[in-house]
Amino acid sequence: FIWAVSADGFLLRQRFSLMDPDSAWDEMPSQGRPPGLSHIAVDGDYVYGVADNACVYRTDSRKPKVWERISRPGAGSLACYEGFIYTVGEHRAVLRQKVTSMTKSTDWVQVSSPGVKAIAVADGMIYGVTTEDAIVMQSIDEMTVDSPW
């Protein structure tokens, strides 16, 4: 599946193998959908999303009916990689938490220098979009709070 969020915050999906310019998106059930859902990421059996309270929520991708809040506020753009959720904090730096130990009270840990407003992760690289809309990247394993974008 490929997943998306509609402009009004509904979770959508399509089978990637059947996708074409005219194919329709399936709207997933919205019971307990957090208000203002945006910035989704998919990892394993879960879809993660950020609500308008800047908290991360998750739902089971096999039966996306109930959303559970799993973080404290502070999240923006999301990416998942090797058991961590990465997000962009209010100071435009990348933050992260380990999924298995994340709770509504655990702190986000800064892991990059500031400079990005959105992120994506692929093949060990973290890609960012700067406030000037430039694409930047660095190795996720070598990223530090001092490494340049």
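Everything that follows concerns the structure shown earlier in this document.
So, a few notes on the structure that sits alongside this text. For clarity, every value in this text was computed on a predicted model and none was experimentally measured.

### Regarding the packing of aromatic side chains
In step 1: Applying the stated rule across the entire model yields three aromatic pairs.
In step 2: For the pair F1 and W3, a centre-to-centre distance of 6.1 Å together with 55° between the ring planes defines the contact as tilted.
In step 3: With relative accessibility at 45%, the residue F1 sits in the partly exposed group.
In step 4: Look at F84 and Y86: their rings are 6.3 Å apart centre to centre, the planes differ by 55°, and that puts the pair in the tilted class. When sorted by exposure, F84 lands in the same class as Y86, which is buried.
In step 5: It is R96 that lies over the ring of F84; its NZ or CZ is 3.9 Å from the centre.
In step 6: A cation over an aromatic ring shows up here: K98 above the ring of F84, its NZ or CZ 4.9 Å from the ring centre.

### Observations regarding the sheet that holds strand β2 (residues 11-14)
In step 1: Taken in spatial order, the three strands make up an open sheet running β1-β2-β3, and their pairing is antiparallel. Strands at the two margins of the open sheet, each flanked by one partner only, are β1 (2-5) and β3 (26-27).
In step 2: Where β2 meets β3, two bridges bridge the pair, whose relative direction is antiparallel. When the bridges of β3 are listed, L12 appears paired with E27.

### Some thoughts on the environment of E90
In step 1: Position of E90 relative to the elements: it lies in the loop between β9 (84-88) and β10 (94-98).
In step 2: Residue E90 is classed as exposed on the basis of its relative accessible area, which comes to 73%.
In step 3: Remark: the alpha-carbon pair of E90 and G74, spanning 16 residues in sequence, is separated by 6.9 Å.

### A word on a nonpolar patch on the surface
In step 1: On the surface, F16, M19 and W25 cluster together into a nonpolar patch covering about 310 Å² of accessible area.
In step 2: Tracing the chain through its elements places F16 in the loop between β2 and β3.
In step 3: Of the residues examined, F16 reaches a relative accessible area of 59% and is grouped as exposed.

### Observations concerning unusual backbone geometry
In step 1: A positive phi angle, close to 50°, is found at D123, a residue other than glycine.
In step 2: With respect to the helices and strands, D123 occurs in the loop between β12 (118-122) and β13 (125-129).

### Notes on the environment of M28
In step 1: You can see M28 is positioned in the loop between β3 and β4 (38-43).
In step 2: Residue class for M28 comes out buried when judged on its relative accessible area of 8%.
In step 3: Considered as a pair, M28 and S61 are 33 residues apart in the sequence and their alpha carbons are 9.7 Å apart.
In step 4: Here M28 is in contact with W3, L11, R13 and P64, once residues within four sequence places are set aside.

### Quick word on the sheet that holds strand β11 (residues 109-110)
Backbone-to-backbone hydrogen bonds pair the strands of a sheet. The strands run either parallel or antiparallel.
In step 1: The strand order across the open sheet formed by four strands is β8-β9-β10-β11, and the pairing between neighbours is antiparallel. Looking at the sheet topology across the chains shown, the edges are occupied by β8 (78-81) and β11.

### A short note on the pattern of salt bridges
In step 1: If you walk through the whole model with that rule in mind, you get five salt bridges.
In step 2: Residue D60 is joined to R62 by a salt bridge in which the shortest nitrogen-to-oxygen separation is 2.6 Å.
In step 3: The salt bridge partner of D133 is K117, with a shortest N-O separation of 2.6 Å. Residue D133 is found in the loop between β13 and β14 (135-139), and its partner K117 is found in the loop between β11 and β12; the two are separated by 16 residues along the sequence.
In step 4: Shared partners join several salt bridges into a network, and the residues in it are D45, D60 and R62.

Definitions and limits used
- Residues numbered from 1 in each chain as written.
- Predicted model: local features only at pLDDT ≥ 70, side-chain atom pairs only at ≥ 80, totals over all residues.
- Heavy atoms only, no water.
- Phe/Tyr/Trp six-rings, centres within 6.5 Å; stacked < 30°, edge-to-face > 60°.
- Buried < 20%, exposed > 50% of the residue type's maximum accessible area, 1.4 Å probe, protein only.
- Lys NZ or Arg CZ within 6 Å of the ring centre and 35° of its normal.
- Pairing = 2+ DSSP bridges.
- Helix = DSSP H or I, 4+ residues; strand = E, 2+ residues; numbered from the N terminus.
- Patch = residues over 30% accessible without salt bridge, like charges linked within 9 Å, V, L, I, M, F, W, Y side chains within 5 Å.
- Areas by Shrake-Rupley, 256 points an atom, 1.4 Å probe, with all protein chains shown as cover.
- Salt bridge = Lys/Arg side-chain N within 4 Å of Asp/Glu carboxyl O.
- Contact = heavy atoms within 4.5 Å.

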